[in-house]
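Understanding the architecture of this molecule
Spelled out, the chains give:
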Amino acid sequence: QVQLVESGGGLVQAGGSLRLSCAASGRPISTYPMGWFRQAPGKEREFVSYINWSGGTTVYADSVKGRFTISRDNAKNTMYLQMNSLKPEDTAVYYCAASRNLLGNRNPSQYHYWGQGTQVTVSS
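Position numbers for residues start from 1 in each chain and track the written sequence from start to end. Where local features are concerned, this predicted model is filtered to residues with pLDDT of at least 70; where side-chain atom pairs are given and counted, the filter is 80 or more; whole-chain, interface and lining totals use all residues. Only hydrogens and water are set aside when side-chain values are computed; all heavy atoms of the structure are taken into account.

Strand-to-strand pairing in sheets goes through backbone hydrogen bonds, with the strands running parallel or antiparallel. Strands sit in the order β1-β3-β8-β7 across an open sheet of four strands; the sheet is antiparallel. The open sheet terminates on both sides in strands that have one partner only, identified here as β1 (3-7) and β7 (68-73). Across this sheet, the average inter-strand angle for adjacent strands is 15°, counted without regard to direction. Examined bridge by bridge, β7 and strand β8 (residues 78-83) share six bridges and lie antiparallel to one another. Bridge pairing links T69 to Q82 in β8. Two strands are said to pair when DSSP picks up at least two bridges between them. Secondary structure counts use DSSP, requiring at least four H or I residues in a row for a helix and at least two E residues in a row for a strand, with both numbered from the N terminus. Interaxial angle, 0 to 180 degrees, is taken between N-to-C directions of lines fitted to C-alpha atoms, where a helix line uses only the stretch in contact.

Next up, the structure:
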């Protein structure tokens with residue numbers, strides 16, 4: 001029902017910045033809470049951030065607070081993750097996701113639509 005495609009990943013030096021985009025198709029995302037998750041080699045998928053349908057509520061993992069900013073543009077059917085002051089431990093495949101629930105959540109099992117991921121590599 002909803003297809004999600006991430007873009008904007010790449011290789012950056014520690015301290016650098018990237019902006020990830022998540023473009024949706026199939027139906028508008030304006031009513032869906034959406035989130036970003038990441039998965040590093042050998043580790044479980046972990047929560048990064050989520051945003052409610054209006055953009056008025058945002059939540060971040062402690063590891064990225066003050067460095068990452070989540071936003072959405074419902075008119076463009078797109079969600080973003082601005083990542084600043086990147087660290088080597090941020091290296092992972094980053095996934096965007098959308099939930100059919102009314103509220104966002106830190107648990108990846110509460111998200112029903114997923115993109116294929118985009119690689120972010122931060123060199124030291």
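We now examine the side chain of R38. Turning to its location among the elements, R38 is positioned in strand β4 (residues 34-39). By the criterion applied in these results, polar contacts are pairs of N or O atoms within 3.5 Å in which, for protein atoms, one can donate a hydrogen and the other can accept it, and in which residues neighboring in sequence qualify only through two side-chain atoms. There is a polar contact of 2.7 Å between the side chain of R38 and the side chain of E46. Engagement of the side chain of R38 in a polar contact is seen with the side chain of D90, the distance being 2.9 Å. Contact definition: two residues touch when any of their heavy atoms are within 4.5 Å. Aside from chain neighbours lying at most four places away, what touches R38 is E44, R45, E46, V48, S63, V64, F68, E89, D90, A92, V93 and Y94.

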